[in-house]
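Take a look at the letters that make up each chain.
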Amino acid sequence: MAGTRAAIRYAKAVLSLALSENKAEEVNTDMQLIANTIAQNEDLSSMLSNSVIKAEAKKSALLAIFPKLNTISNGLFDVLVSNKRINILNNVALKYSTLFDAHNGKEVAQVTTAVPLTKDLELQVLAKVKELTNKAVTIESIVDENILGGFILRVGDKQYDASISNKLDKLKREFTLN
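To start, this report covers the structure provided alongside it. These figures come from a predicted structure and were not determined experimentally.

Cut-offs used in this document
Residues numbered from 1 in each chain as written. Predicted model: local features only at pLDDT ≥ 70, side-chain atom pairs only at ≥ 80, totals over all residues. Heavy atoms only, no water. Phe/Tyr/Trp six-rings, centres within 6.5 Å; stacked < 30°, edge-to-face > 60°. Helix = DSSP H or I, 4+ residues; strand = E, 2+ residues; numbered from the N terminus. Buried < 20%, exposed > 50% of the residue type's maximum accessible area, 1.4 Å probe, protein only. Salt bridge = Lys/Arg side-chain N within 4 Å of Asp/Glu carboxyl O. Arc of directions from axis to C-beta. Contact = heavy atoms within 4.5 Å. Polar contact = N/O pair within 3.5 Å; in protein donor to acceptor, adjacent residues only side chain to side chain. Patch = residues over 30% accessible without salt bridge, like charges linked within 9 Å, V, L, I, M, F, W, Y side chains within 5 Å. Areas by Shrake-Rupley, 256 points an atom, 1.4 Å probe, with all protein chains shown as cover. Pairing = 2+ DSSP bridges. Right-handed = clockwise from strand over helix to strand, strands pointing away.

What follows covers the packing of aromatic side chains. Applying the stated criterion across every chain yields a total of 3 aromatic pairs. For the ring pair Y96 and F100, a centre distance of 6.3 Å and an interplane angle of 10° mean the geometry is stacked. On the criterion of helical spacing, the pair formed by Y96 and F100 is a turn pair, its members being 4 residues apart in helix α6 (residues 89-103). Like F100, Y96 is buried.

So, about the pattern of salt bridges. Enumeration over the complete set of coordinates arrives at 1 salt bridge. D78 is the partner of K59 in a salt bridge, and the nearest nitrogen-oxygen pair spans 2.5 Å. With a gap of 19 residues between them, K59 in helix α4 (residues 55-65) and D78 in helix α5 (residues 71-82) connect regions that are remote in the sequence. Assessed through its relative accessible area of 18%, K59 is described here as buried.

On to helix α3 (residues 42-49), then. Three- or four-residue spacings in an α-helix give side chains the same orientation, since the helix completes a turn every 3.6 residues. Every buried residue belonging to α3 is among L44, M47 and L48, and all of these are buried. Buried residues of α3 fall within an arc of 95° about the axis and therefore sit on the same side. More than 90 degrees from the buried face of α3, the exposed residues found are E42, D43 and S49. Here the buried face of α3 lies against α2 (24-40), α4 and α6. Backbone nitrogen of D43 and a side-chain oxygen of the N-cap are separated by 3.0 Å at the start of α3; the cap is N41.

Take a nonpolar patch on the surface next. On the surface, a cluster of nonpolar side chains totalling about 270 Å² of accessible area is made up of L148, I164 and L168. By the element assignment, L168 lies in helix α8 (residues 164-177).

Sheet analysis places strand β1 (residues 106-113) next to strand β2 (residues 136-143), joined by 8 bridges and oriented parallel. Paired with T112 across the two strands is I142, which belongs to β2. In this fold, β1 hands off to helix α7 (residues 119-133), which returns the chain to β2; that crossover is right-handed.

Position of E145 among the secondary structure elements: in the loop between β2 and β3 (150-155). Expressed as a C-alpha distance, the spacing of E145 and P116, which sit 29 residues apart in the sequence, is 9.9 Å.

Spelled out as structure tokens, the structure:
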């Protein structure tokens, strides 16, 4: 993903500023709004990544789309425009929310299964992950039929792969080596 490292640096800087001014929650709400709006609007996403459109025009469009943002969020637009990085705004907004959650002791656990999780199974996974991490956890469920069965659990930078496809791959490698 292009600009991920830069997005993390900008997000850390914005979070630091927001925390020092006691506006981290407000800025997080802004960042979620920005990320959701860009994700749902292909024209906006294309406009931000289009190198032909001038940066000032992009900034004007963003200010028109988001008229009631916090001054810190508006300042992010200025910094990204002046550094010719407005194309990574969506990544910065997403990274900010992730960093904000981590700062508040919240963690997102991604559970990939072949079929949708039942509520009962989701509660069991949630309890187990909370026990392992000692943090408030939310579950993000992903359905991927390619794993055939089982599950893949990702929490932060740790991953536990108990999928059938993974077990079949291991078996295949074992037979090829012999």
